[in-house]
Amino acid sequence: MRMPAPDGRTIARRGELVTALRKIVPGEGVKADDAELAAYECDALTAYRQKPLIVVLPETVEQVSQVLAYCHREGVKVVPRGAGTSLSGGALPLADGIVLGMAKFNRVLEVDYGNRVAVVQPGVTNLAVTQAVAGRGFYYAPDPSSQIACTVGGNIAENSGGVHCLKYGMTSNNLLGVEMVLMDGTILRLGGKHLDAPGLDLMGVVCGSEGLLGVVTEATVRILRAPETQRALLIGFPSVEQAGATVAAVIAAGVIPAAMEMMDRAAIHAAEAFVHAGYPLDVEALLIAELDGPEAEVAHLIAVVEAIATKHGCASVRASADEAERLRFWAGRKAAFPAVGRISPDYFCMDGTIPRNRLPEVLNRMQAMSAEFGLRVANVFHAGDGNLHPLILYDADKPGELERAEAFGAAILELCVEVGGVLTGEHGVGIEKRDLMEVQFGPEDLAQQQRLKCAFDESGLLNPGKVFPTLCRCAEYGRVHVKGGQFRFPELERF
Amino acid sequence: MAEVQTAWTAQEAAEVIRAAAAAGEALELVGQGTKRGFGRPVAADTVLDLSGLAGIVRYEPEELVLTLKPGTPMAEVDALLAEGGQMLAFEPPDLGPLFGQPTGQGTIGGAILCGRGGPRRLSAGAPRDHCLGVKAVNGLGDAYAGGGRVVKNVTGFDLPKLIAGSFGTLGAVTELTVKVLPAPETSVTLRLEGLSVEAAVTAMAEAMGTPAQVSAAAFLPAELSAGASQTLLRLEGFGPSVAARAAHLRATLAGQPFAADLGPEETRAVWKTVADAAPFANAGAVLWRLSVPPSHGPLGARLAARLGGRYLLDWAGGGIWLELPPAPDAHAGVVRSALHAAVGHDGHATLVRAPEGARAAVDPFDGAGSPLETLTARVKAQFDPGGVLNPGRMYAGA
Ligand SMILES: Cc1cc2nc3c(=O)[nH]c(=O)nc-3n(C[C@H](O)[C@H](O)[C@H](O)COP(=O)(O)OP(=O)(O)OC[C@H]3O[C@@H](n4cnc5c(N)ncnc54)[C@H](O)[C@@H]3O)c2cc1C
C-alpha cells in the first residue's frame, strides 16, 4: 500500500514539534516515545502498519483548534483517530504526521428526553450512548457490531451502520448536529437539536468524510424510544436463490424488518462450530429476520414473513419464543467474524453493496473466484439493504497470500460495481479501497469530490492518502477559476 | 425579461452552462418554477429551463430505489409509486400554492433541491435522507456523479446529501436516484382538542417518547381550526399494529381531551394541509419557517401574538410556520433575535415568502455573516467558480 511520500524535513523536526505541541496540550497529552507510539500503528485493518511521528490527545475543543492551526502553519499532516476499529485503514498513521486521538473526549454532555436528543463528545463509545439513555427506555439506533469499542466520532467519520440500519438508518440519518474544527483551526457548528440545515447541508457531507474534512469535537444525536417487543425468525434455505427471493418478497409485501441478515454455508458452519447457536447445518443459506414494535405488530409480521418463507420453499423456519432464544439466534451471526478468525490465521472483511436481485449471481461468481485465487471465502450479508461482507480467509505468514487476498478482495468489489453496486456500504474507503475508486467513479466525479475537500481543507494536510487515489490539487483547481470551462484533467500521479 | 434556454438532455444543459461560463454570464435554473419565489432573487441574464429533462429511468420497487430525471412531475412520481404500493417517505410538501401557483405542480427535482420534508420529516427524514444518487453539471459545464443506486453506500463523499437542499447552486441536476419505502397499509390521526400551545407541545413530546412510533405530530391553534385548537398525532402501518399503538397512546395520554379520531381519508387531507402550510397559501403576507428543538414550539405563538400574525406547529413543535404582515425587513430582525435568544445555536429561521423588496433585502437563510457562510462560499466556489448557477439564491455571496 503506497502512501504519500513522507516529508523528511518534518520528521527531522520532531523534537521541535513535540515541544510546541506540549505548550498546547500539557502533560501526558503528547506522546513521543516509541513504545507508546506503537499502540497507534494500525487500526482494525491490521495488514497495514505505520508508527506515527507523534500522538496528541487533546481534551478541549480549544486545544484541538490550536493543534490544528499549529500543524496548518507548520505544514504537518494530521490523522484523526477514535478507537481505531476502522476496517478500511482510515486511521492508519503517517510517518511524517501526528495522530490526533480523540479518546479523552469521553463525556456524555447532555441528555434531553423532551427533545429526544443526546449531546456527546466524539470519544464516547457507540454503546455508551445507548447505556446513558437505556434507564428511561431509550436507545441510540445505529449499532455497528463494534459498538462496545468504536466511538461516535469514528461512526460519524465512517457513516457507520449496523444490522438495524435497514429500518432505522445509518449514522447520518440519526445525527442532528456537530461541532467541528477545520484544518486551519476554525471552530464551526453544523446543526443542533433541531432539524435541517439553514443553508447547504454541510453536515451531510461531513458525515462519512473519513476524517478528511474536519475533526468532530461534539455530536448531537437522536435517541429513540426502544420498541416494546423484538422477535426474530431463523430460516434455513436449500439455496441462496430461495433466500434472496424471500428477502425481495418480504420487502415487496411492504414489510421493512428491523434487521434481515443472511449467512452462507461457510459462515453458518464457522459460526455454529464456535458458539453452538443451534443453526441448521444442512442448508445453503440462513436468514435471520428481526421484527420489532408493539406485540400485536410483531405477531402479525412474524406470520407474514413466515408465510413468505414457506412459500419460497425454506427448509426450516423457527420464530424465537423468548428473549433468550432471540439472542441465541443472533449469537452466531454476531460472532461470525471471530468465528472465522478461529478457522483462519487472518481474514479480510470486505464490504460492498449490490442490488439485492443480483445476489445469487454474485455469490456464485465469488465461489468461482475463490477457486481461482485458491482462498476460502465466507459470507455474512446485510440482506435487507444488499450490503455484503465476504470474509476472505488467508495466512499472512505464507508468502504471497496477503497479496492474493488483496487481489481477491479487489475482484469482489469490482464485481459489486459491475452489477450496479458500490465499493463500500458501511466500512468506508480508507486506504483499503482507495485505489479502486476509479472503478466506481469517473475522473470528473472524483475531481468534484476532491474539490469539496479543498473547500474544507485547502492545505490537504488532514488525513491525506485516504479515500482518493491521488492527492488533491487544490492550487490547480484554483487556477481553473480564471480559465472557465477549459479545465481538463491531466494525468495525475498515483501514490 | 430574461432570455429562456431549454435543455432537453444533460448534454444540452452542459453546453448552455459551458457557454455561460465562457461568457461570464449567470443562469437561473428552473424546473416548473413553482418555488421560484423561495430564496433570494437570482440576478441572471438567462433562464435555463430544465423541465424537459423528465421521465422515469428505472423503478425497482424490490430494491427500494427509483432513478428518474429531475423534471419529472411530482404527480407522475406519486402515481407510479402508488401503483407499487410505495411512497417518498419524506412526504414532500406542495409549496407551489404558497407562491400563488396552482396545486399539484412541481417536479421531483424541485422537491429534492429545496430540501424540505413534510410532517413525516420528524420520523423518517428529509429529502437528503432519501437522495441516494445524483448526476449533475457543475458551473464549468463538467458533468459529475455522486452516490449510487443502492440504499446503503458510503463510497466517497456523500454528494447527494449536499445537493439535496442546494437550490441549484452546486449543479444543474440531470438525474436523481431516490430511496422509496412501502406506503403504510393504514393510518389514523388521534386528536386532542382545545389544548394551549404549551400543553400541546408537552403532550406531543410525551407521545413522541412512547414506543407508539408516532409518524407525525402537529398543532393547529384555535384560529386555524374553527374554534378549538387541534393537536394531531398520526400513526401509520399495518392494521393490527396501528390499533395497538393507538390504544397505547390513549392510555399514556389518559386525561387529555381526546376528540374523535380521523380515519385514513381525513388523515390524508389534514396532513396535506399541515405539509403544504395550506392556511397560508395565496396570500401576500410574509411567511417564515422556523426550525427549533420541539420544546420551543410556543415561540411561534409568542411571535405571532407580538407581530400580529398566525402560526402552526409541525414536527411536534420543532417546525414553526409563521405568517406575518408585510414589513420592509419581513420582521427578520425581530424573528431572528427572538429565535436565537430562545434557542442559541439550536435552530434557524428561513424566510420562505416575502414581497420582492424584502426578499432582496433580507437573508432568507440563517448563517449569513458567520463562519458557516464563509465555508458555504468556499464550497460554492468549488462547484461553480464563475458563479454561473443560481448565484445569490441562498446567500448574497454564494
Ligand atoms: C469487529 C468489528 C466489527 C465491525 N462492525 C461494523 C458494523 O457492523 N458496521 C459498521 O459500519 N462498521 C463496523 N466496523 C468498523 C468500525 O468499527 C467503524 O468504522 C467505526 O465507526 C470506527 O470507529 P472508531 O472510533 O474505531 O474510529 P477509528 O477507526 O479510530 O477511525 C475511523 C475514521 O474516523 C476518523 N475519525 C475518528 N474520530 C474522528 C473525529 N472525532 N473527527 C473526525 N474524524 C474522526 C479517522 O480519521 C478515521 O478515518 C467494525 C469493526 C470491527 C473491528
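Residues numbered from 1 in each chain as written. Chains lettered and ligands numbered in written order. Predicted model: local features only at pLDDT ≥ 70, side-chain atom pairs only at ≥ 80, totals over all residues. Heavy atoms only, no water.

Participant: Residues and numbers for the packing of aromatic side chains, please.
Facilitator: For the structure on display, the rule yields 13 aromatic pairs over all chains. A centroid spacing of 6.2 Å and a plane angle of 85 degrees characterise the contact between Tyr-139 of chain A and Tyr-168 of chain A, whose relative ring orientation is edge-to-face. Note that Tyr-139 of chain A is positioned in strand E7 (residues 138-139) and Tyr-168 of chain A in helix H7 (residues 165-168), a separation of 29 residues in sequence. Exposure class is identical for Tyr-139 of chain A and Tyr-168 of chain A. Each is buried. A network of ring pairs unites the aromatic residues Phe-38, Phe-99, Phe-167, Phe-365 and Tyr-395 of chain B as a single cluster. A cation over an aromatic ring shows up here: Lys-334 of chain A above the ring of Trp-330 of chain A, its NZ or CZ 5.6 Å from the ring centre. The ring of Trp-271 of chain B has Arg-234 of chain B lying over it, and the distance from NZ or CZ to the ring centre is 5.2 Å. (Phe/Tyr/Trp six-rings, centres within 6.5 Å; stacked < 30°, edge-to-face > 60°. Helix = DSSP H or I, 4+ residues; strand = E, 2+ residues; numbered from the N terminus. Buried < 20%, exposed > 50% of the residue type's maximum accessible area, 1.4 Å probe, protein only. Lys NZ or Arg CZ within 6 Å of the ring centre and 35° of its normal.)

Participant: Tell me about the domain arrangement of chain A, and please be specific about residues and values.
Facilitator: Think of interface size as the accessible area that goes away when the parts come together; that is how it is often given. Residues and elements named next belong to chain A. Annotation of chain A at the domain level lists domain 1 (8-101), domain 2 (108-225), domain 3 (229-337), domain 4 (344-437) and domain 5 (443-492). Its C-alpha centre places domain 2 at a distance of 30 Å from the equivalent point of domain 3. Contact with domain 2, which involves 5 residues of that partner, is made by 12 residues of domain 3. Considering only the side of domain 2, the residues that lose the most area to domain 3 are Val-163, Leu-166 and Lys-167, jointly responsible for 68% of the buried surface there. Counting across the domain 2 and domain 3 interface gives 1 salt bridge. The salt bridge partner of Asp-292 is Lys-167, with a shortest N-O separation of 2.6 Å. Applying the counting rule to domain 2 against domain 3 returns 3 residue pairs in polar contact (both at pLDDT 80 or more). (Domains from an automatic or database assignment. Contact = heavy atoms within 4.5 Å. Buried area = accessible area lost by both parts, 1.4 Å probe. Salt bridge = Lys/Arg side-chain N within 4 Å of Asp/Glu carboxyl O. Polar contact = N/O pair within 3.5 Å; in protein donor to acceptor, adjacent residues only side chain to side chain.)

Participant: Just give me the short version of the interface of chain A and chain B, but keep the residues and values in it.
Facilitator: Listed per partner, the contact involves 94 residues of chain A and 78 residues of chain B. For the pairing of chain A and chain B, the buried interface totals around 7,100 Å² over both sides, and the portion due to carbon and sulfur atoms is 59%. Where chain A touches chain B, the interface holds 4 salt bridges. A salt bridge links Asp-201 of chain A to Arg-128 of chain B; the nearest nitrogen and oxygen atoms lie 2.8 Å apart. Linking chain A to chain B there are 30 residue pairs in polar contact (both at pLDDT 80 or more). Where the side of chain A that touches chain B is concerned, the elements lending two or more residues are strand E9 (187-191), helix H8 (202-206), helix H9 (240-252), helix H11 (295-311), helix H16 (437-440), helix H17 (443-456) and helix H18 (474-483) of chain A.

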